[in-house]
Amino acid sequence: PDESGHMMTLIPFKGHYFGSPQFNEEALLNMDEFPLREDDIVLCSYPKSGCHWVWDIIHILVAGKIPSDEEIIDKEAFMMEWQPSISYDSLPSPRVLNNHMTFNMQPRDLLAKKVKTVFIYRNFKDVAVSFYHHHTGIHDYEYNGDFGSHLKRWVAGLTDSGSPFIYTQGWEKAIADHPELPVFMSSYEDLKESNLEEVRRLSQFLGFSYPDDFLKQVCDITDFSTMKARKGDKSFKNKQGQPVMYRKGQVGDWKNEFTVAQNEWFDEVIEREMAGSKLTFKYTL
Ligand code: A3P
């Protein structure tokens, strides 16, 4: 229980917590041995950092065309923690997979085969708010705490996916330590602020050289309101009947949730927990 007395259902694993019944024990136990292919693309992010957005962008870039509603591919069906690797064996190359795991939980093949890795991060305050709504909105977590209690729980790593600071620092260090691993790194805020430039950079990283008018179409079709209108109705709903993955899609919504005291405290937490990090976090645009 947290300080408001509310519980959250969590599954401990390798010093980490998973909080959703979809996590598959066999998949997790065998993750080291997950056979990746040289031409796989693995999208990695802490939850609520823009994974669905970038997932859709990558798929359109790989397909080379704007998808019809039926052709939009559901990210959840390709989460490496949710199904044993055999489930992905019959997929044609290049496979696009995704996960929310720390670097040290990634399959050995990621480094061994130098698999293209897309790493997306987001400012901690917006993630805090987005994740709070995620945990209180999804029935399976059975969580009803208030924002302040959730924030403390999250900082302590006692939520789904564990500490955001350990996750982010671990990835930052691994990327610096392994220059041989091809990594595209961007942030939710840079994707918002410099949408076309970031999508062009991602496209080049994946080995494509599309003209700007196609890349502009990719930006338009993956824009929050367009995607919400196309996918929101069909996607997973929270207790209030709203789509879980399409909430506000803004930079700076944290200002509507944090009190002044919470914000001051959280600034100190970030400074302490991210000491030494060279990543830039934009809390407002
Ligand atoms: P908010 O809760 O702040 O609105 P993830 O996909 O990693 O789970 O992240 C979910 C967050 O990204 C949610 O943030 C969601 O609304 C936002 N989001 C989803 N699709 C988006 C898109 N196409 N463009 C921008 N933000 C998007």
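Cut-off values and rules
- Residues numbered from 1 in each chain as written.
- Predicted model: local features only at pLDDT ≥ 70, side-chain atom pairs only at ≥ 80, totals over all residues.
- Heavy atoms only, no water.
- Buried < 20%, exposed > 50% of the residue type's maximum accessible area, 1.4 Å probe, protein only.
- Helix = DSSP H or I, 4+ residues; strand = E, 2+ residues; numbered from the N terminus.
- Pairing = 2+ DSSP bridges.
- Right-handed = clockwise from strand over helix to strand, strands pointing away.
- Contact = heavy atoms within 4.5 Å.
- Axes fitted to C-alpha atoms, helices over the stretch in contact; angles between N-to-C directions.
- Expected span 1.5 Å × (residues − 1).
- Near = heavy atom within 4 Å.
- Polar contact = N/O pair within 3.5 Å; in protein donor to acceptor, adjacent residues only side chain to side chain.
- Areas by Shrake-Rupley, 256 points an atom, 1.4 Å probe, with all protein chains shown as cover.
- Nonpolar A, V, L, I, M, F, W, Y, C, P; charged D, E, K, R; others polar.

1. Focus on the pairing of strand β4 (residues 96–99)
Next, step 1: Of the two faces of β4, the one holding Val96 and Asn98 and the one holding Leu97 and Asn99 are both buried throughout.
Next, step 2: As paired strands, strand β3 (residues 41–45) and β4 are joined by 4 bridges and run parallel to one another. Within the sheet, the bridge partner assigned to Ile41 lies in β4 and is Val96.
Next, step 3: For the handedness criterion, the β-α-β arrangement of β3, helix α2 (residues 51–63) and β4 is classed as right-handed.

2. What about the environment of Phe119?
Next, step 1: When you line up the elements, Phe119 lands in strand β5 (residues 116–121).
Next, step 2: The spatial distance from the C-alpha of Phe119 to the C-alpha of Lys282 is 16 Å, given a sequence separation of 163 residues.
Next, step 3: Every residue in contact with Phe119, bar those within four places of it in the chain, is listed here: Cys44, Tyr167, Trp171, Ile175, Val183, Phe184, Met185 and Ser186.

3. Topic: the sheet that holds β4
Next, step 1: Pairing is parallel in the open sheet, where 4 strands are placed in the order β4-β3-β5-β6. Only two strands of the sheet have a single partner each, and these edge strands are β4 and β6 (183–187). Strand-to-strand twist of the sheet, defined as the mean angle between neighbouring strand axes without regard to direction, takes the value 20°.
Next, step 2: Where β3 meets β5, 5 bridges bridge the pair, whose relative direction is parallel.

4. Side note on helix α6 (residues 164–177)
Next, step 1: Helix length check: α6 (14 residues) gives 20 Å between terminal C-alpha atoms against 20 Å at 1.5 Å per residue, within 8%.
Next, step 2: All of the buried residues in α6 are Pro164, Phe165, Tyr167, Thr168, Trp171, Glu172, Ala174 and Ile175.

5. A short note on the site of the ligand
Next, step 1: Neighbouring residues of the ligand: 16 residues in total, closest His52, Ser130, Tyr188, Lys248 and Gly249.
Next, step 2: Within the backbone of Lys48, a nitrogen or oxygen atom sits 3.2 Å from an oxygen atom of the ligand.
Next, step 3: With respect to the ligand, the side chain of Arg122 contributes an N or O atom lying 3.0 Å from an oxygen atom.
Next, step 4: Against a free-state accessible area of 570 Å², the protein chains account for coverage of 98% of the ligand.
Next, step 5: Top element by residues in the shell around the ligand is α2. It accounts for 3 residues.
Next, step 6: Considered class by class, the residues forming the shell around the ligand number 6 nonpolar, 6 polar and 4 charged.

6. A few points about the pairing of β3
Next, step 1: Here β3 lies mainly inside the structure; 5 of its 5 residues are buried.
Next, step 2: Residues Ile41, Leu43 and Ser45 of β3 are buried on one face, and the alternating residues Val42 and Cys44, pointing to the opposite face, are buried as well.

7. Considerations on unusual backbone geometry
Next, step 1: Cis geometry is found at the peptide bond from Ser93 to Pro94, where omega equals -5°.
Next, step 2: The residue Pro94 is located in the loop between α2 and β4 in this model.
Next, step 3: For Lys114, which is not glycine, the phi dihedral falls at a positive 50°.
Next, step 4: Along the chain, the position of Lys114 falls in the loop between α3 (109–112) and β5.
Next, step 5: Judged by relative accessible area, Lys114 falls into the partly exposed class, the value being 45%.
Next, step 6: Despite not being glycine, Glu142 shows a phi value in the positive range, around 55°.
Next, step 7: Tracing the backbone shows Glu142 in the loop between α4 (124–137) and α5 (147–155).
Next, step 8: Relative accessible area serves as the criterion here: at 54%, Glu142 is assigned to the exposed category.

Limitation: the analysis is restricted to geometry and does not speak to function.
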